Amino acid sequence: MTIVVQDLFNGASGTDINTHTPDVDTAGGGWLDSGANMVELDGSGALKFTGNGDNCRIDTGSTDQVTTVNFNAGGADNRVSVLLRSDNALFATATLYLVNIRAGAGGTNLLIQKRISGGSSTTIASAAVTLSGSTTYEIESSVIGSALTVKINGVTELTATDTQITAGDYSGLIHNLFTTSAARFLDFEVDNGVSTETNATVGITIAKPVFSSTAQSIAPIFNTNADITIGKPEFAATAQAIPAGSGANASIFISKPVFASTVQSIAPIIAGDVAF
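Now for a description of the structure that goes with this document. (Residues numbered from 1 in each chain as written. Predicted model: local features only at pLDDT ≥ 70, side-chain atom pairs only at ≥ 80, totals over all residues. Heavy atoms only, no water.)

**A short note on the overall build of the chain**
Right, on to step 1. Each helix and strand counted, the chain has 0 helices and 20 strands in total.
Right, on to step 2. Counting every position in the chain, which comprises 276 residues, the buried fraction comes to 40%.
Right, on to step 3. Taking the intrachain contacts of the chain between residues at least 6 apart in sequence as the baseline, contacts between residues at least 24 apart amount to 63%. (Helix = DSSP H or I, 4+ residues; strand = E, 2+ residues; numbered from the N terminus. Buried < 20%, exposed > 50% of the residue type's maximum accessible area, 1.4 Å probe, protein only. Contact = heavy atoms within 4.5 Å.)

**Quick word on the pattern of salt bridges**
Close approach of charged atoms allows side chains of opposite charge to pair.
Right, on to step 1. Per the counting criterion, the structure on display carries 6 salt bridges.
Right, on to step 2. The partner of Lys-48 in a salt bridge is Glu-40, with the nearest N and O atoms 3.7 Å apart. For the pair shown, Lys-48 and Glu-40 are each scored as buried.
Right, on to step 3. For Asp-77, the salt bridge is made with Arg-79, and the minimal N-O distance between the two is 3.0 Å.
Right, on to step 4. Residue classification places Asp-77 among the partly exposed positions, given a relative accessible area of 22%.
Right, on to step 5. For Arg-79, a relative accessible area of 22% puts it in the partly exposed group. (Salt bridge = Lys/Arg side-chain N within 4 Å of Asp/Glu carboxyl O.)

**Structural notes on the pairing of strand E16 (residues 184–191)**
Right, on to step 1. Burial of E16 is extensive: 6 of the 8 residues sit out of reach of the surface.
Right, on to step 2. As paired strands, strand E1 (residues 3–7) and E16 are joined by 4 bridges and run antiparallel to one another. Residue pairing across strands places Gln-6 opposite Glu-189, the latter belonging to E16.
Right, on to step 3. Judged from the 7 bridges that link them, strand E7 (residues 65–72) and E16 form a sheet pairing that is antiparallel. Of the residues in E16, the one forming a bridge with Val-66 is Asp-191. (Pairing = 2+ DSSP bridges.)

The structure is reproduced here in structure tokens:
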């Protein structure tokens, strides 16, 4: 996966988020927020909000988003949401998914929701999980295709499927219920959910084997797709040529080969005695 946005929120206290430069900003648009000094740095490497409904968003360049934050509710019922697949509109009119986190509340305190053109939030999935208002949690919220997932400290706590919202490159944060000013986001990171793994074709060259005249059962097996080149065999001196014109059917049994030291960790596919 490729990190497209990352922010550790380092900067002077009181810095408005929309004047702050993220550590990684692939799309290059920077932060947008709901108003002057509504969302700002606290000077200790964290982001704070000054009132209910304050929010910020940033262009990720991708509709598939895995957004990870470390969040502490500040010991109170401060409710926040992570915004996913949002369009570039003010929250009041935006179409987007939300992961609503109510760390200081009891009962149902984790929800996946959606809003269409600023309408009322519709809950897609919800759960009651163990959350403390004074504990910092790593919260990973993702939308990949139609799949939505929430993980807390690496544990999947909530999943849902929804096909209604397919466009929107923005991710962000909002303070839904402001009780105190103590809630903090310690960081913000988004990756695009695209695997960077590649499938390589393996070519293998096996050094020429040395055979003995003693017939033995051979059974090394490896399970991989590979191109194999085998050098010419050398037979022990006890192997005799079969006279021409003898008319006999001869069988030669080959024992397990001994490979040169250049061959590493790969055995040939030979399932038993070999008859020629």
